[in-house]
Amino acid sequence: MNKRIFLSPPHLNSSVQEFLTNVFESNYVAPVGFAIDGFESDIAQKVKCHSVAALNSGTSAIHLALVLLNVGSQDSVLVQTNTHIGGVNPIVYQGASPVFVDSEKDTWNMCPIFLEEAIKDQIKKKKKPKAIILVHIYGMPAKMFEIIEVASKYEIPIIEDAAESLGSKYRNQHTGTFGIMGVYSFNGNKIITTGGGGALVSNNQELIERAIFLSTHSRGEGPHYQHTSLGFNYRLSNVLAGIGRGQMEVLDERVSSLRTNFKKYVGFFEKWNAKGFNIQFQIEQEDMFSNRWLTTILVDPKTNYGLQREDLRLALEKENIESRPLWKPMHLQPVFEKNKFYGARVAEELFEIGLCLPSGSNLGDEEFQRIFMAINKVMNFALE
Ligand SMILES: *Cc1c(COP(=O)(O)O)cnc(C)c1O
């Protein structure tokens, strides 16, 4: 059997090892130390924001953002339905209710029109949403200008879930730095990894200081352990911060490899589209720069000789190549069955016909040949 090609595997670089050696030699392997400080300032410099808290996951970063905004059991939080559940569960951890908003067709992110509809209706029900969690899905920036306009009109703070979009920009500003707080993830499948980790960023230093306090069991001053508020064990380990420092050095390189992957896929499918297929991509709109974390395609059987997304996925799987349907919308997940949803069928249709293709920054020519060969077979079959 051929070696498996994964959707988005880790891609380590040699300086990771140097940072790790330093960490081990110092014996600072707990969630405290110089690598954490260094990693936080690397991130702050890169995305140009004031303060950063390095945490043990993107999910815990979202959770702390909600705690910092005092989201509690009577509250509702608006979040786009087309996302990963890690950005939604923390709302429930706080006892609050996620209210889901559909996507628009251009970026596949939160639709500003449905957003306003949701806000108006929730206000009418005397449940003004406490926050908006905005996602830049697969690395594609959301329509920031329109979203911020709606959010400011109703004075609702935005938490940016930039877990998938580190390195992406809107009007030359990094995603994650528009909202009152932003979140990155360094999980194993993300553009760079610490093997598991996350960060909360903000231009408000007080919020970030508070986040770090909360992430270390809210331990106060004094020789004993003094706790005046509820805390969490969410700080990043110094070992993992060492990996992160090494990975930050190659972030730009990774973005450029992922963008090259995207171009290769576009070139490949354009040849098929010239033969009457209509494979579609997630398109950068004006002022948007995507890190192209995952290359994703839409395969509508109605305009592709009956070819289905699943035909492609299964053909790839047969060659030991991983691909995956787009995120299943949260409002269709059994766990959120009872939650309110505002929108139409945009995210649902994306889920029905969308596929994430292998998108690792370490994909070589040989891997691309295998992927293209597997796809060629099904495309030819559909043409016959
Ligand atoms: C990965 C991801 C998360 C969760 O991050 P973890 O570090 O895995 O906890 C949250 N939101 C989105 C959009 C993600 O892709």
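A quick note: this is a predicted structure, and the numbers were derived from the prediction, not measured. (Residues numbered from 1 in each chain as written. Predicted model: local features only at pLDDT ≥ 70, side-chain atom pairs only at ≥ 80, totals over all residues. Heavy atoms only, no water.)

## Examining the overall build of the chain
A tally of regular secondary structure across the chain gives 12 helices and 15 strands. Taken over C-alpha atoms, the radius of gyration comes to 21 Å for the chain, in line with the 21 Å a tight globule of 384 residues would show. Overall size of the chain, expressed as C-alpha extent along the three principal axes, is 75 × 60 × 35 Å. Across the 384 residues in the chain, those meeting the buried criterion constitute 56%. Pairs at least 24 residues apart make up 73% of the contacts formed inside the chain by residues separated by at least 6 positions. In the structure as shown, the chain presents an accessible area of about 16800 Å², 51% of it carried by carbon and sulfur atoms. (Helix = DSSP H or I, 4+ residues; strand = E, 2+ residues; numbered from the N terminus. Rg over C-alpha atoms; globule rule 2.2 N^0.38 Å. Buried < 20%, exposed > 50% of the residue type's maximum accessible area, 1.4 Å probe, protein only. Contact = heavy atoms within 4.5 Å. Areas by Shrake-Rupley, 256 points an atom, 1.4 Å probe, with all protein chains shown as cover.)

## Digging into the packing of helix α3 (residues 58–68) against helix α7 (residues 205–215)
Running from amino to carboxyl end, α3 crosses α7 at an angle of 115 degrees, the nearest separation of the two axes being 10 Å. Like other packed secondary-structure pairs, α3 and α7 cross with a definite hand, here right-handed. Touching Leu-64, Val-67 and Leu-68 of α3 are Leu-207, Arg-210, Ala-211, Leu-214 and Ser-215, all from α7. Its residues assigned to classes, the contact of α3 with α7 comprises six nonpolar, one polar and one charged. (Axes fitted to C-alpha atoms, helices over the stretch in contact; angles between N-to-C directions. Left-handed = near helix turned anticlockwise from the far one by under 90°. Nonpolar A, V, L, I, M, F, W, Y, C, P; charged D, E, K, R; others polar.)

## Details of the site of the ligand
Taken together, 15 residues are adjacent to the ligand, and Thr-59, Asp-161, Glu-164, Ser-185 and Lys-190 come closest. One of the side-chain N or O atoms of Glu-164 is found 2.6 Å from an oxygen atom in the ligand. In the complex, the protein chains occlude 94% of the 380 Å² of accessible area that the ligand would expose alone. Tallied by class, residues from the shell around the ligand come to two nonpolar, 10 polar and three charged. (Near = heavy atom within 4 Å. Polar contact = N/O pair within 3.5 Å; in protein donor to acceptor, adjacent residues only side chain to side chain.)

## So, the domain arrangement of the chain
By the assigned domains, the chain splits into domain 1 (15–250) and domain 2 (252–383). Just the C-alpha atoms count here: the centres of domain 1 and domain 2 sit 26 Å apart. Summing both partners gives a buried area of about 3800 Å² for domain 1 against domain 2, and 62% of it is carried by carbon and sulfur. Broken down residue by residue, the surface that domain 1 buries against domain 2 is led by Phe-100, Trp-108 and Tyr-138, which jointly contribute 22%. Linking domain 1 with domain 2 are two salt bridges. (Domains from an automatic or database assignment. Buried area = accessible area lost by both parts, 1.4 Å probe. Salt bridge = Lys/Arg side-chain N within 4 Å of Asp/Glu carboxyl O.)

## Section: the packing of aromatic side chains
Inspection of the entire model under this criterion finds 15 aromatic pairs. In textbook terms, an aromatic cluster arises when at least three aromatic residues are bridged by ring pairs, as seen for Phe-262, Tyr-265, Phe-268, Phe-269, Phe-281, Phe-368 and Phe-372. Note that Lys-275 overlies the ring of Trp-272, its terminal NZ or CZ placed 4.6 Å from the centroid. (Phe/Tyr/Trp six-rings, centres within 6.5 Å; stacked < 30°, edge-to-face > 60°. Lys NZ or Arg CZ within 6 Å of the ring centre and 35° of its normal.)

## Some remarks on the side chain of His-174
Inspection of the secondary structure puts His-174 in strand β7 (residues 173–174). A distance of 3.3 Å separates the side chain of His-174 from the backbone oxygen of Lys-46, its partner in a polar contact. When residues no more than four places from it in sequence are discounted, the contact partners of His-174 are Lys-46, Val-47, Gly-167, Ser-168 and Lys-169.

## Structural notes on the pairing of strand β9 (residues 198–202)
Successive side chains on a regular strand alternate, one facing one side of the sheet and the next facing the other. Along β9, five of the five residues are buried, which leaves the element largely enclosed by surrounding structure. Burial of β9 is two-sided: the residues Gly-198, Leu-200 and Ser-202 facing one way and the residues Ala-199 and Val-201 facing the other way are all buried. Sheet topology places strand β1 (residues 51–55) next to β9; five bridges connect them, and they run antiparallel. Within β9, the residue paired with Ala-54 across the bridge is Ala-199. With four bridges connecting them, strand β8 (residues 181–185) and β9 associate as antiparallel partners. Residue pairing across strands places Tyr-184 opposite Ala-199, the latter belonging to β9. (Pairing = 2+ DSSP bridges.)

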